[in-house]
Amino acid sequence: MESERPDPDALLSRVQTDAARAGRGRLKIFFGASAGVGKTYAMLGEARQQVLRGIDVVIGVVETHGRAETEAMADGIERLPPRETAYRGRVLREFDLDGALARRPAIILMDELAHSNLAGGRHPKRWQDVEELLDAGIDVYSTINVQHLESLNDIVSGITGIRVWETVPDRVFDEADEVVVVDFPPDELIERLRQGKVYLPEQARLAAQNFFRKGNLLALRELALRRTANRVDDEMQAYRRRNSTVPVWPTRESLLACVGADARAEKIVRRCARLAAQLDVPWHAVHVDTGSGDAGARQRQEMLRVLQLAQELGATTATLSAPAAAPALVRYAREHNLSRLVMGRSHRRWRRPWRPTIGEAVEAEAGDLDILRVALPRAEKPGGDAGEGVRRAALAGRWHGYTAAVAACGAVAVLAAPLQERIEQANIVMLFLLAVVAVALVFGRGPAVLAAFVGVGLFDLFFVPPRFSFAVSDIQYLITFAVMLVVALVVGQLTAGLRVQVAAATGRERRIRGLYEMSRELSATLLAEQVAEIGARFLAAEFGFRSAVLVADDKDRLQAMPGATADVDPGVAQWAFERGVAAGRGTDTLPASACLVLPLKATMRLRGVLAVDPGEPGLLDPEQRRALDTCASLMAISIERIHYIDIAGRTTVQMESERLRNSLLSAISHDLRTPLAALVGLADTLQMMQPPPAGAQREVIDSIRNSAIRMNTLVGNLLDMARLESGAVRLNRQWQPLEEVIGSALAACAPVLAARPVTVDLAPDLPLLHFDAVLIERVLVNVLENAAKYTPENTPIDIRGRAASENVVLRIDDRGPGLPSGREEAIFEKFERGRRESATPGVGLGLAICRAIMRAHGGGIRGETRQGGGASFILTLPRGRPPAEDGSDALPDDSP
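Now for a look at the structure at hand. What you see is a predicted model; the values in this text were computed from it and never measured. (Residues numbered from 1 in each chain as written. Predicted model: local features only at pLDDT ≥ 70, side-chain atom pairs only at ≥ 80, totals over all residues. Heavy atoms only, no water.)

Topic: the sheet that holds strand S13 (residues 370-374)
Okay, so step 1: One open sheet holds the five strands; their spatial order is S11-S10-S9-S12-S13, and the pairing between them is parallel. Looking at strand neighbours, the two that pair on one side only are strand S11 (316-321) and S13, the edges of this open sheet. Along the sheet, successive strands turn relative to each other by an average axial angle of 25 degrees, direction set aside.
Okay, so step 2: Across five bridges, the pairing between strand S12 (residues 340-344) and S13 is parallel. Among the inter-strand pairings, arginine 340 is bridged to a residue of S13, identified as aspartate 370.
Okay, so step 3: Contacts between helix H11 (residues 265-279) and the sheet are confined to strand S9 (255-258), strand S10 (283-289), S12 and S13, with S9 contributing the most and set at about 170 degrees to the helix.
Okay, so step 4: Helix H14 (residues 358-365) contacts S12 and S13 of the sheet and is inclined by roughly 175 degrees relative to S13. (Pairing = 2+ DSSP bridges. Helix = DSSP H or I, 4+ residues; strand = E, 2+ residues; numbered from the N terminus. Axes fitted to C-alpha atoms, helices over the stretch in contact; angles between N-to-C directions. Contact = heavy atoms within 4.5 Å.)

In structure tokens, the structure reads:
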């Protein structure tokens, strides 16, 4: 049968996918609801089975957490030697990816898929290491908990109150070749926790008070099982598509609402929505366009309204083109594995008692589907003048085809009558069949059926003796009439069905070709204006719609692109852009608007809106809406690509400028240091002359010496900035108190702070911090000298230090003019000064060096204006975990 034939495109896609996966390793994930359920133990058990089969298995990473039974399971399996990495004064052991690729085992065990690698490695995450191993053709066994899935991370944090920062994209989980659920009842898991089989005693006590509460474990278990069930359902659907499975497998309840072309279909949709909500199952709503011509414009709009209602109620909607409704519904249900059809209870018409209802046709087509009948009211005739107009228009359109059918058969009879002595009667029959085919192609089924009967009657009347009579002289002609009628009916029906299919296929092909040509043109655009022009051309050619594109600038203000042909309400456009949802015509928001406004959603952010004005009243069908959504998506991606091309160009120019400037500054600085050192030495020599210089000579010598020292400091800042940006500075970080560095900085700044009282207020509970004392002292000196430069004499400078939960905050306040409004961040840029017109000496590098040093320590620095006047500089350093009394267990805060 036609419906059972596999789709050639699907077959080609499957071949390409299989070819791509042929040389790739297989990923097997052991999935659990929480720690302690036995994922690692189960993975090791499976690995031991593979070893017994003679398969080469290697342990890349296995975290036993001190569990004796897990350690015992790992015995006897080869372990890959770890890679030792120096990390901030410590030697840490990490997975050796290059060693694994060189060893190339058949299977490698990679525990804790969501683990974060040390900074500076090839990949920041372990799952990225796993992907490289898979690309190399190595099979991987790994483990993961449900809270580490990216899509469920926020749900889990809302349940447990604990945010897990290490996550894995759902794509990795979904693309795994096999997922094994390792499940454990909550009560037994809590008992294992009490027995110390999950964590060490102190950790177990804290876990029992926080994460390992029974309610949390029940919720996590449900999430894990539901996520696995969804994956299994996707696998089952993929298997059905791959093997062209026809029968529906009722593995889960699913509903299909059959939508007709009248207002009564709304009851079917609402009934199906209630059923889906009660059963908590997915559902679809489908309308089949048979091309019979029975549905007028008003009924089509009614059908679109019902489909839109179904979509709002949560259904997946579609419109199908097919010569008959029942086979199309059965095919759609089997493709999507929908086990239950919901349709109206049809009322037979006395005119066609022989014609089965759609429900009866579905039952005959597929007995494996359940059918739920919804009682419908009898169709009401449109009332009033408007209803009379609709009836007249429908009758006029219907009788036009039937009149043409009679006329076509009459024309064949008239043309063939003079030729009946020269051509055989069989050829005349062929002429009547040709007329039936022509009528079916142009007017559809109904007129084709009439043409078949009229053709047989005219053939009997004019070409079978006795002529001009319906009497038959030879009984064999009855067989001729019967065969002619049957052939005409079959050919007419097939031709009419082919007409519908050709029209639908042509429309789909034209739309796909238009989208392809549009995407090809968009790939070559370099300006947003070109994107708007290409989109407007596609919409006008494909649908005849007017359009306008509004693109967001850097401040999220919508700017209309030139060439707009539609008038869009700015309020509707702004609403759709701010909320990222469609608005205007055919939606729930501002439906009275003439335009449908679609947000241009790209990968990173919204890029603007697309406004479409269909012109004619009415709703868009689902196929048109999907095409518009695809068009908007393509335009958004192109606009984002243009944006990042612009950023990449500017960044490349900026990086090259920075490189050249740093090279120039480094060269100039080195060349300046030699004469500056000579000037300082000469000044010192002049001061030591005998007799010592006095008066004006002394002042000149001091001025030379101070200017040379100041210039040397500026040159040193230039060199330091160049080294910091190039990464040549290595931090000598030690655990030490902050008080000592503040004291040494104050001592270094004593000459410049002599006329300004300094108040130091440090909290007594400040912890030891992990930092480079020389560089942090440099930061404090720069900030204090900056305060001294811009504050009058005899004004105080306050230094306050407090410990927060994750860092230590140091605040330095002065009583100067404060920071310029709007330039609180700009003063930390290179060669930027707070007030450009200031006469205070400097080149604007001190604060830039401070920020670079603080960021290298994992902290930060910012400035703000105090409410009472003056500037405040807030410095933050991470707390980390100071060493214990025996010097062990020290760990910086930003270590994994």
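As for the pattern of salt bridges
Okay, so step 1: Following the criterion strictly, the structure yields 37 salt bridges and no others.
Okay, so step 2: Here arginine 815 makes a salt bridge to aspartate 798, at a shortest N to O gap of 2.9 Å. With arginine 815 in the loop between strand S23 (807-813) and helix H25 (846-856) and aspartate 798 in strand S22 (residues 797-803), this pair connects stretches of sequence that are 17 residues apart.
Okay, so step 3: Connected through salt bridges with shared partners, the residues Arg800, Arg811, Asp813, Arg862 and Glu864 form a single ionic network. (Salt bridge = Lys/Arg side-chain N within 4 Å of Asp/Glu carboxyl O.)

Overview of a nonpolar patch on the surface
Okay, so step 1: A grouping of Leu679, Leu682, Val700 and Ile704 is seen on the molecular surface, where their side chains present a nonpolar patch of about 350 Å² in accessible area.
Okay, so step 2: Listed by contribution, the elements that provide at least two residues to the nonpolar patch are helix H21 (622-687) and helix H22 (696-726).
Okay, so step 3: Within the fold, valine 700 resides in helix H22. (Patch = residues over 30% accessible without salt bridge, like charges linked within 9 Å, V, L, I, M, F, W, Y side chains within 5 Å. Areas by Shrake-Rupley, 256 points an atom, 1.4 Å probe, with all protein chains shown as cover.)

Considering the packing of aromatic side chains
Okay, so step 1: Per the stated rule, a full pass over the model turns up six aromatic pairs.
Okay, so step 2: An angle of 55 degrees between the planes, with centres 4.9 Å apart, marks the rings of phenylalanine 31 and phenylalanine 173 as tilted. With phenylalanine 31 in strand S1 (residues 27-32) and phenylalanine 173 in helix H7 (residues 170-174), this residue pair connects regions lying 142 residues apart in the sequence.
Okay, so step 3: Classification of phenylalanine 31 as buried rests on a relative accessible area of 0%. (Phe/Tyr/Trp six-rings, centres within 6.5 Å; stacked < 30°, edge-to-face > 60°. Buried < 20%, exposed > 50% of the residue type's maximum accessible area, 1.4 Å probe, protein only.)

Regarding the environment of arginine 163
Okay, so step 1: Position of arginine 163 among the secondary structure elements: in the loop between helix H6 (153-160) and H7.
Okay, so step 2: Along the primary structure arginine 163 and glutamine 147 are separated by 16 residues, whereas in three dimensions their C-alpha atoms are 8.9 Å apart.
Okay, so step 3: Beyond its immediate stretch of four places on either side in the chain, arginine 163 contacts Asn153 and Ser157.

A few points about the packing of helix H13 (residues 325-335) against H14
Okay, so step 1: Running from amino to carboxyl end, H13 crosses H14 at an angle of 55 degrees, the nearest separation of the two axes being 9 Å. On the basis of the axis angle, H13 is oblique to H14. H13 and H14 meet at a crossing whose hand is right-handed. For the pair formed by H13 and H14, the contact residues are Ala325, Ala326, Pro327, Leu329, Val330 and Arg334 on the first element and Ile358, Ala361, Val362 and Glu365 on the second.
Okay, so step 2: Its residues assigned to classes, the contact of H13 with H14 shows eight nonpolar, no polar and two charged. (Parallel < 35°, antiparallel > 145°, perpendicular 65-115°, else oblique. Left-handed = near helix turned anticlockwise from the far one by under 90°. Nonpolar A, V, L, I, M, F, W, Y, C, P; charged D, E, K, R; others polar.)

Considerations on the environment of alanine 366
Okay, so step 1: By secondary structure assignment, the location of alanine 366 is in the loop between H14 and S13.
Okay, so step 2: C-alpha of alanine 366 to C-alpha of arginine 334: the two residues are 32 residues apart in sequence and 9.6 Å apart in space.
Okay, so step 3: The residues contacting alanine 366, other than those within four sequence positions of it, are Val330 and Arg334.

Re helix H19 (residues 528-542)
Okay, so step 1: Over its 15 residues, H19 runs 21 Å from end to end, which matches the ideal 21 Å to within 8%, given 1.5 Å per residue.
Okay, so step 2: Within H19, the full set of buried residues consists of Ala528, Val531, Ala532, Ile534, Gly535, Ala536, Phe538, Leu539 and Glu542.
Okay, so step 3: Once H19 ends, the next one or two residues include glycine 544, with phi positive near 75 degrees. (Expected span 1.5 Å × (residues − 1).)

Here we look at the pairing of S23
Okay, so step 1: The sheet contact formed by S22 and S23 spans six bridges and is antiparallel. Each residue of the ladder has a partner; that of glycine 801, found in S23, is leucine 810.
Okay, so step 2: If you look at the hairpin formed by S22 and S23, you'll find three residues sitting between the two strands.
Okay, so step 3: Across seven bridges, the pairing between S23 and strand S25 (residues 871-878) is antiparallel. Residue pairing for S25: arginine 811 is matched across the bridge by isoleucine 874.

Structural notes on the pairing of strand S24 (residues 860-865)
Okay, so step 1: Inspection of the sheet shows S24 paired to S25 by six bridges, in the antiparallel sense. Looking at S25, one finds that glycine 863 is bridged to phenylalanine 873.
Okay, so step 2: As consecutive antiparallel partners, S24 and S25 are separated by five residues, and within that stretch glycine 869 has a phi angle of approximately 105 degrees, a positive value.

Observations regarding the sheet that holds S23
Okay, so step 1: Pairing within the open sheet is mixed, and its five strands lie in the order S20-S22-S23-S25-S24. Strand pairing shows two members of the sheet lacking a second neighbour, strand S20 (758-762) and S24, which therefore form its edges. Ignoring strand direction, the axes of neighbouring strands in this sheet form an average angle of 15 degrees.
Okay, so step 2: Its contacts with the sheet put helix H24 (residues 773-790) on S22, S23, S24 and S25, and the angle it makes with S25 is roughly 170 degrees.
Okay, so step 3: Running over the sheet, H25 touches S24 and S25 and is turned about 135 degrees from S24.

Some remarks on the environment of leucine 218
Okay, so step 1: Mapped onto the elements, leucine 218 comes out in helix H10 (residues 214-242).
Okay, so step 2: Taking the C-alpha atoms as reference points, leucine 218 and aspartate 187, 31 residues apart in sequence, are found 9.6 Å from one another.

Observations regarding the side chain of glutamate 542
Okay, so step 1: Structurally, the position occupied by glutamate 542 is in helix H19.
Okay, so step 2: A polar side-chain atom of glutamate 542 sits 3.5 Å from a polar atom in the side chain of arginine 511.
Okay, so step 3: With sequence-adjacent residues up to four places away left out, glutamate 542 is seen in contact with Arg510 and Arg511. (Polar contact = N/O pair within 3.5 Å; in protein donor to acceptor, adjacent residues only side chain to side chain.)

Digging into H13
Okay, so step 1: Taking burial as the measure, the 11 residues of H13 include eight buried ones, the bulk of the element.
Okay, so step 2: All of the buried residues in H13 are Ala325, Ala326, Ala328, Leu329, Val330, Tyr332, Ala333 and Arg334.
Okay, so step 3: Immediately beyond the C-terminal end of H13, within one or two residues, lies asparagine 337, with a positive phi of roughly 55 degrees.

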